[in-house]
Amino acid sequence: MASETLQKEIRKLQEEDIEPLSRIEAESFSMPWSPQDFRALLDRDYCIYLVALAEGEVAGCCGMTNICREGNIDNVVVAERFRNRGIARAMLEELIRMGGEAGITAFTLEVRVSNAAAIHLYEMLGFVSEGIRPGFYEKPTEDAVIMWKR
Ligand SMILES: CC(C)(COP(=O)(O)OP(=O)(O)OC[C@H]1O[C@@H](n2cnc3c(N)ncnc32)[C@H](O)[C@@H]1OP(=O)(O)O)[C@@H](O)C(=O)NCCC(=O)NCCS
């Protein structure tokens, strides 16, 4: 299987990652983060943002904000050509491990109700649905599933 042979490295977000990440954002989301959005994260010690490198390229990212020992996960994304090869799973496992080290005891995220791949991924990692946030997303308007891993 391709995922067994893909060499990947997971590390903290650095300035040099921002340009390639912004391109991945733009191809993946209708409301992508800008380079300035990513740059602002570099100075926030209550945030952990990770990138995955594969085949020498930035392949994706995910991140978390520590709010009173709850980890709010956002911006989980993998470049289209690297999807379905275990990259998001590896990034999130590392994010959860680092969050645990930082004293986080519960993790939460929102996901579009139609995003079957992401919901499947989060369930594999132990997240469960705890509710629906109606009309949470724009472009297009859609409900969010609120998931928690406690
Ligand atoms: C969601 C996303 C981050 C997953 O990244 P990835 O690196 O492909 O994820 P992984 O390879 O680690 O795992 C994907 C899992 O979803 C499964 N999957 C893929 N497409 C699926 C679908 N349509 N329905 C259900 N499961 C699906 C894969 O089979 C795999 O599970 P498995 O290991 O049991 O086979 C990626 O698809 C992406 O960037 N999507 C666009 C941005 C996005 O929607 N982000 C999430 C916002 S909440």
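That block above? That's the structure.
The paragraphs below set out a description of the structure included in this document.

Rules of the game
- Residues numbered from 1 in each chain as written.
- Predicted model: local features only at pLDDT ≥ 70, side-chain atom pairs only at ≥ 80, totals over all residues.
- Helix = DSSP H or I, 4+ residues; strand = E, 2+ residues; numbered from the N terminus.
- Buried ≥ 20, exposed ≤ 12 C-beta atoms within 10 Å, placed from the backbone.
- Pairing = 2+ DSSP bridges.
- Axes fitted to C-alpha atoms, helices over the stretch in contact; angles between N-to-C directions.
- Contact = placed C-beta atoms within 7 Å.

**A word on the environment of Glu93**
Note that Glu93 resides in helix 4 (residues 87–101). Taking the number of C-beta atoms within 10 Å as the measure of exposure, Glu93 has 13 and is therefore partly exposed. In this structure the C-alpha to C-alpha distance between Glu93 and Leu125, which are 32 residues apart in sequence, comes to 7.6 Å.

**Comments concerning the sheet that holds strand 6 (residues 128–137)**
Ordered in space as 1-2-3-4-5-7-6, the 7 strands form an open sheet in which the pairing is mixed. Of all the strands in the sheet, just strand 1 (8–12) and strand 6 have a single pairing partner and so form its edges. Across the sheet, the mean angle from the axis of one strand to that of its neighbour is 25 degrees, orientation sign disregarded. The sheet contact formed by strand 4 (residues 70–78) and strand 5 (residues 106–112) spans 3 bridges and is parallel. Its bridge partner lying in strand 5, Gly71 is registered against Phe107. With respect to the sheet, helix 2 (residues 18–28) is in contact with strand 2 (47–54), strand 3 (57–67) and strand 4, its orientation differing from that of strand 3 by roughly 85 degrees.

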